[in-house]
Amino acid sequence: LALAGRLDFNPATDSLVTWLEARASLRPVVLAVDDLHWADDASRELIDALRRDLDQVPVALLLFGRPGHAPSTDVDLAIELMPLDAAAARQLLERLAPTASEATREHVIARAGGNPFFLEELAHHIVDSGDAGARDLPVSVELAIQARLDQLPATELRVAVAASVIGRELERGALEAALAGEPLPDLDGALAELARREIIVRLDHGYAFHHVLIREVAYARTAELARRRIHAALAGSYDARVARHRR
């Protein structure tokens, strides 16, 4: 479901509303919209318009998307799907990759982090390549994460890439050191946006990447020179803190 910009937006909306009203006059209609997180602004406006204009018509809008990407209008019911627990992940993996060794299964379950898509793709990969491929990242997973990173505004992407060099978990002070020489107008705002998009999560002592594979992909897209610069900045910050404590 996508529209090119706003050209002929109202006629398109009116036509769709009319068509859905006609269908719903015969029987109730369920309109399912998948991958809402990829929708452009025009598509989101269309969804909002449908919900508003079809309020008295037996049409149900079923929207699937990641948290933080809901339409601007309130939804009647939101169901959050939680990550697979270890038992469910093991059951799925045993069915998809029955010949994998126990060590490989443990590694894949931990790496997938309860994400069914990641788990399935990792399982298919080890079926194709054997246990030796358990530490590889399937192209399908890498492309999916790359697409999420590519959607980030420039400032948030810079922060995510710098954070990936620090590690899975990070403190704000370490991130400031990693970004030294690259002043940001609003670091707190960038961190809040990354948390909203579920790239990172807040911890009591700082932040962490929402998923270890997000950090892996962000790190892989960091140029070697940038990695060295950030590592040097972190080392300098650490040395400075040690020196202050010794005084």
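Structure: see above.
A.B. asks: Mind laying out the pattern of salt bridges, listing which residues take part and the relevant values?
C.D. replies: With the rule as written, the count across this model stands at 13 salt bridges. Between E94 and R90 there is a salt bridge, and its shortest N-O distance comes to 3.9 Å. Here E94 and its partner R90 are both found in helix α3 (residues 86-96), 4 residues apart, which amounts to about one turn of the helix. For E94, a relative accessible area of 33% corresponds to the partly exposed category.

A.B. asks: How would you explain unusual backbone geometry if you had to name every residue and give the values?
C.D. replies: We note that D35 has phi near 55°; this positive angle belongs to a residue other than glycine. Following the sequence through the fold, D35 ends up in the loop between β1 (29-33) and α2 (41-53). Take D35: its relative accessible area is 36%, and that puts it in the partly exposed class. Within the chain, E198 stands out as a residue other than glycine whose phi angle is a positive 60°. Inspection of the secondary structure puts E198 in the loop between α9 (187-196) and β4 (200-203). We classify E198 as partly exposed; its relative accessible area is 21%.

A.B. asks: Could you give an account of the packing of helix α7 (residues 154-166) against helix α10 (residues 212-220), with specific residues and numbers?
C.D. replies: For any two helices packed against each other, one specifies the inter-axial angle together with the distance between the axes. Their axes nearest at 8 Å, the elements α7 and α10 cross at an angle of 105°. The orientation of α7 with respect to α10, classified from their angle, is roughly perpendicular. For the pair α7 and α10, the contacting residues are A160, V161, S164 and V165 in the first and R215, A218 and Y219 in the second. For the contact of α7 with α10, the per-class residue count stands at 5 nonpolar, 1 polar and 1 charged.

A.B. asks: An account of the packing of aromatic side chains is requested, with residue identities and associated values reported.
C.D. replies: Scanning all chains against the criterion turns up 1 aromatic pair. Seen from their ring centres, F117 and F118 are 5.9 Å apart, and the 50° between their planes marks the pair as tilted. Between the NZ or CZ atom of R215 and the centre of the ring of Y219, over which it lies, the distance is 5.0 Å. The cationic tip of R227 hangs over the ring face of Y219; the distance from NZ or CZ to the ring centre is 4.1 Å.

A.B. asks: Break down the sheet that holds strand β5 (residues 206-209) for me, citing the residues and quoting the values.
C.D. replies: Strand order in this open sheet of 3 strands is β3-β5-β4, and the pairing throughout is antiparallel. The open sheet is flanked by β3 (169-170) and β4, the only strands paired with a single partner. Across 4 bridges, the pairing between β4 and β5 is antiparallel. Opposite R202, over in β5, you have Y207 as the bridge partner.

Quick notes on the rules
- Residues numbered from 1 in each chain as written.
- Predicted model: local features only at pLDDT ≥ 70, side-chain atom pairs only at ≥ 80, totals over all residues.
- Heavy atoms only, no water.
- Salt bridge = Lys/Arg side-chain N within 4 Å of Asp/Glu carboxyl O.
- Helix = DSSP H or I, 4+ residues; strand = E, 2+ residues; numbered from the N terminus.
- Buried < 20%, exposed > 50% of the residue type's maximum accessible area, 1.4 Å probe, protein only.
- Axes fitted to C-alpha atoms, helices over the stretch in contact; angles between N-to-C directions.
- Parallel < 35°, antiparallel > 145°, perpendicular 65-115°, else oblique.
- Contact = heavy atoms within 4.5 Å.
- Nonpolar A, V, L, I, M, F, W, Y, C, P; charged D, E, K, R; others polar.
- Phe/Tyr/Trp six-rings, centres within 6.5 Å; stacked < 30°, edge-to-face > 60°.
- Lys NZ or Arg CZ within 6 Å of the ring centre and 35° of its normal.
- Pairing = 2+ DSSP bridges.

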